[in-house]
Amino acid sequence: MGNNWKITDTLTKVFADEVPDGQGSIRLSTLHRETVSCVIAYFGAADWGRYWKVSVKAPEKIETRLRRVELVPSAYPCHKEQDDNYLRIVPGMYPDLLHDLDTEGDGADKKYLTKEVPGQWRSLWLDVTVDAELAGGDYAIMIETETEDGEKETLKADLHVVDASLPPQKLLHTEWFHSDCLADYYHVKPFSEEHWKILENFIRLYAARGINTILTPVFTPPLDTAVGGERTTVQLLDIRKDGDTYSFDFSKLERWIGICRFAGITHFEMAHLFTQWGAKCAPKIMVWEDGTLRHKFGWHTDAQSPEYADFLAQYLTALTDFLKEQGLQDKVFFHISDEPGEEILEDYKKAREMVLPYIQRFHTIDALSDIGFCEKGLVDLFAPGTNCMEPFLERGMEGLWTYYCTGQWKEVSNRFMAMPSARTRILGVQLYLYKISGFLHWGFNFYNSQYSIKHINPYAVTDAGEAFPSGDAFLVYPGEGGVPEESIRLMLMQQVMQDVRAFELLESLVGRERVCEIIAEGTDEPITFKRYPKEKEWLLALRERVNAEIEKAIVIQ
């Protein structure tokens with residue numbers, strides 16, 4: 001065989017210098033309203049970089065998309081300490097970016113063009129979605145490859161379609177959306193028409209991958225900003241002050257909500273009302289006063305100042321009235337301050353008491369892991385870190401969310417590039433078993449260094465300036481023309497949400513107890529957020545069992 005070609009599962013990451021798993025064929029199983037994928041690995045056996053033409057032949061009503069998995073640099077793949085569940089712990093080139101291939105021809109004659117690298121492995125990512133009208137059964141997808149000098153390879157994906165549809169997603173999922181980073185990277189004025197078009201492109205993809213809740217920059221979110229520093233202003237509200245009275249123009253916010261709803265987003269998070277890690281100061285808020293746009297509130301404003309309290313009273317009254325008019329009262333979350341610790345509990349309490357009279361009928365939620373906030377009733381909904389769930393679960397709390405970020409590097413699920421993909425995807429099992437209502441992560445598209453001291457090029461810097469392990473700060477890359485490019489990790493997060501929906505569908509057919517029994521098969525101990533099967537084979541087999549049980553239950557009915 002002149003060139004080695006293999007087809008394998010999406011929990012396999014193909015590194016340039018490591019022979020991947022794989023064979024000449026693979027079995028896939030899918031439901032309607034689902035995207036399933038596989039990986040095609042190939043080795044550069046020639047002494048020069050040959051080009052290959054790849055065709056994907058699928059039956060009617062089966063849509064396919066083929067992309068190349070690009071290697072990206074990671075200067076900081078993990079923290080100084082790690083557990084034993086990492087693929088690699090050294091700087092290097094890691095497979096992550098999914099880049100559209102050049103093509104020639106159309107329809108049945110369409111061919112993708114890809115290049116081999118002498119002496120190295122590369123990979124392609126194949127997505128498969130089936131039409132809602134496609135009957136259940138078995139179908140064959142053929143992948144045919146050929147070089148300019150006539151060498152050929154053929155691979156096969158045997159696709160089994162279960163004649164059932166995934167139910168709509170109930171679990172709320174937010175990946176904090178950084179509108180300023182898009183303006184900065186593409187060098188466009190915030191909320192100019194160019195910016196709106198870029199925002200729409202990214203929001204459309206955001207929603208398509210199972211992310212249904214979005215951080216909304218009513219004013220510039222006070223996140224990952226150095227004390228005294230600033231991020232580019234992205235403030236949807238036009239605010240004016242005349243004497244002691246503030247007025248608010250919600251037209252841009254209304255446009256934002258319309259774009260998000262059209263894309264499929266159902267819930268909205270309002271930007272945090274106080275600064276991160278302490279609620280000590282007001283966020284950056286720009287106000288027109290005496291004909292001049294002023295930096296009215298910010299690091300120079302004490303959180304408890306009477307002037308800011310007066311502003312909040314007027315702002316929150318006007319905002320909540322607007323949100324009610326939009327029919328969003330039960331679909332909006334307010335944040336007080338991100339990741340507060342026990343040492344600032346009293347400051348957090350004061351901040352909450354300042355705003356609570358104006359948001360009584362709305363939910364408040366924050367990413368916090370100290371059980372003391374729970375015991376004092378300081379938050380409506382809690383989002384502890386995945387490594388701190390036990391005290392909250394022991395209290396039998398309902399409506400729990402959870403999150404992870406750079407700090408959740410040991411034992412628990414995460415999505416660093418250096419981690420196995422199975423470690424990312426296991427999250428779906430955990431979310432289902434523990435009846436988690438929502439998942440939060442801070443970085444859909446954070447393209448700054450830590451504390452937003454400078455802007456970065458995410459194609460070259462994947463670790464926020466050697467601050468967070470590569471994979472923590474963003475899920476998408478800013479592609480040409482204001483169009484986002486996806487990552488392996490984004491597709492894995494979609495698989496997480498699809499797994500939860502599949503569990504829920506099976507539960508509606510056979511009951512929750514039976515679903516939990518199926519999940520427990522092949523395990524030696526109860527699955528928790530810290531203890532779970534690490535082998536990708538177990539996770540892939542689980543989803544096959546679930547699909548088979550769904551099919552069996554449908555036949556019986």
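Relevant structure appears above.
Residues numbered from 1 in each chain as written. Predicted model: local features only at pLDDT ≥ 70, side-chain atom pairs only at ≥ 80, totals over all residues. Heavy atoms only, no water.

K.L.:
Requested: an account of the environment of Leu171, with residues and values cited.
P.N.:
Tracing the sequence through the fold places Leu171 in the loop between β11 (152–165) and β12 (172–175). Once you skip the residues sitting within four places of it in the chain, Leu171 turns out to touch Asn212, Leu431, Ile436, Ser437, Gly438, Phe439, Met497 and Val500. (Helix = DSSP H or I, 4+ residues; strand = E, 2+ residues; numbered from the N terminus. Contact = heavy atoms within 4.5 Å.)

K.L.:
Any chance you could break down the nonpolar core for me, citing the residues and the numbers?
P.N.:
Grouped together as the largest cluster of nonpolar side chains are 122 residues, with contacts concentrated most on Trp256, Phe274 and Tyr315. Leave out the neighbours within four places in its chain, and Tyr315 touches Val218, Phe219, Leu237, Phe248 and Leu273. Membership of the second largest hydrophobic core comes to 33 residues, among which are Val39, Ala41, Leu98 and Ala164. (Core = buried A, V, L, I, M, F, W, Y, C linked by side-chain atoms within 4.5 Å. Buried < 20%, exposed > 50% of the residue type's maximum accessible area, 1.4 Å probe, protein only.)

K.L.:
How would you sum up the pairing of strand β2 (residues 25–32)? Please name residues and give values.
P.N.:
Counting buried positions over the 8 residues of β2 gives 6, a clear majority of the element. Of the pairings in the sheet, the one linking β2 to β11 comprises 7 bridges and is parallel in character. Across the sheet, the residue bridging to Ser25 is Lys156, located in β11. (Pairing = 2+ DSSP bridges.)

K.L.:
Report on helix α12 (residues 536–556), specifying residues and quantitative values.
P.N.:
Between the first and last C-alpha of α12 there are 31 Å, a value that for 21 residues agrees with the 30 Å anticipated at 1.5 Å per step. For α12, the full list of buried residues reads Lys536, Trp538, Leu539, Leu542, Arg543, Val546, Asn547, Glu549, Ile550 and Ala553. (Expected span 1.5 Å × (residues − 1).)

K.L.:
Can you break down the sheet that holds β2 residue by residue, with the values?
P.N.:
Across a sheet, paired strands are connected by hydrogen bonds in the backbone, their directions being either parallel or antiparallel. The strand order β2-β11-β10-β4-β8-β7 describes an open sheet built from 6 strands, whose pairing is mixed. Strands at the two margins of the open sheet, each flanked by one partner only, are β2 and β7 (102–104). Taken over all neighbouring pairs, the strand axes of this sheet differ in orientation by 30° on average, direction set aside. Of the pairings in the sheet, the one linking strand β4 (residues 51–57) to strand β10 (residues 137–147) comprises 6 bridges and is antiparallel in character. By the bridge assignment for β10, Val54 is matched with Thr145. (Axes fitted to C-alpha atoms, helices over the stretch in contact; angles between N-to-C directions.)

K.L.:
Please set out the packing of helix α10 (residues 488–510) against α12 residue by residue, giving values where relevant.
P.N.:
Contact geometry for α10 and α12: axes closest at 10 Å, N-to-C directions at 35°. Helix-helix and strand crossings are classified by hand; for α10 and α12 the assignment is left-handed. On α12, the residues that touch Gln498, Asp499, Ala502, Phe503, Leu505, Leu506, Leu509 and Val510 of α10 are Leu542, Arg543, Val546, Glu549, Ile550, Ala553 and Ile554. Tallied by class, residues from the contact of α10 with α12 come to 11 nonpolar, 1 polar and 3 charged. (Left-handed = near helix turned anticlockwise from the far one by under 90°. Nonpolar A, V, L, I, M, F, W, Y, C, P; charged D, E, K, R; others polar.)

K.L.:
Pulling in residues and values, what's your account of the environment of Ala164?
P.N.:
Within the secondary structure layout, Ala164 lies in strand β11. When its relative accessible area of 11% is taken as the criterion, Ala164 is described as buried. A sequence separation of 172 residues divides Ala164 from Ile336, and the C-alpha atoms of the two residues are 42 Å apart. Excluding anything up to four places from it in sequence, Ala164 contacts Leu31, His32, Leu505, Ile550 and Ile554.

K.L.:
How would you explain the sheet that holds strand β15 (residues 245–249) if you had to name every residue and give the values?
P.N.:
A sheet is described by the order of its strands in space; here 4 strands give the open sequence β15-β14-β17-β18, paired in mixed fashion. The open sheet has two edge strands with one neighbour each: β15 and β18 (292–297). Taking each pair of neighbouring strands and ignoring which way they run, the sheet shows an average axis angle of 40°. Strand direction decides the pairing type here: strand β14 (residues 238–242) and strand β17 (residues 285–289), joined by 2 bridges, are parallel. Bridging from a neighbouring strand, Arg240 pairs with Trp288 of β17. Contacting β14, β15, β17 and β18, helix α4 (residues 306–325) crosses the sheet at an angle of about 40° to β15.

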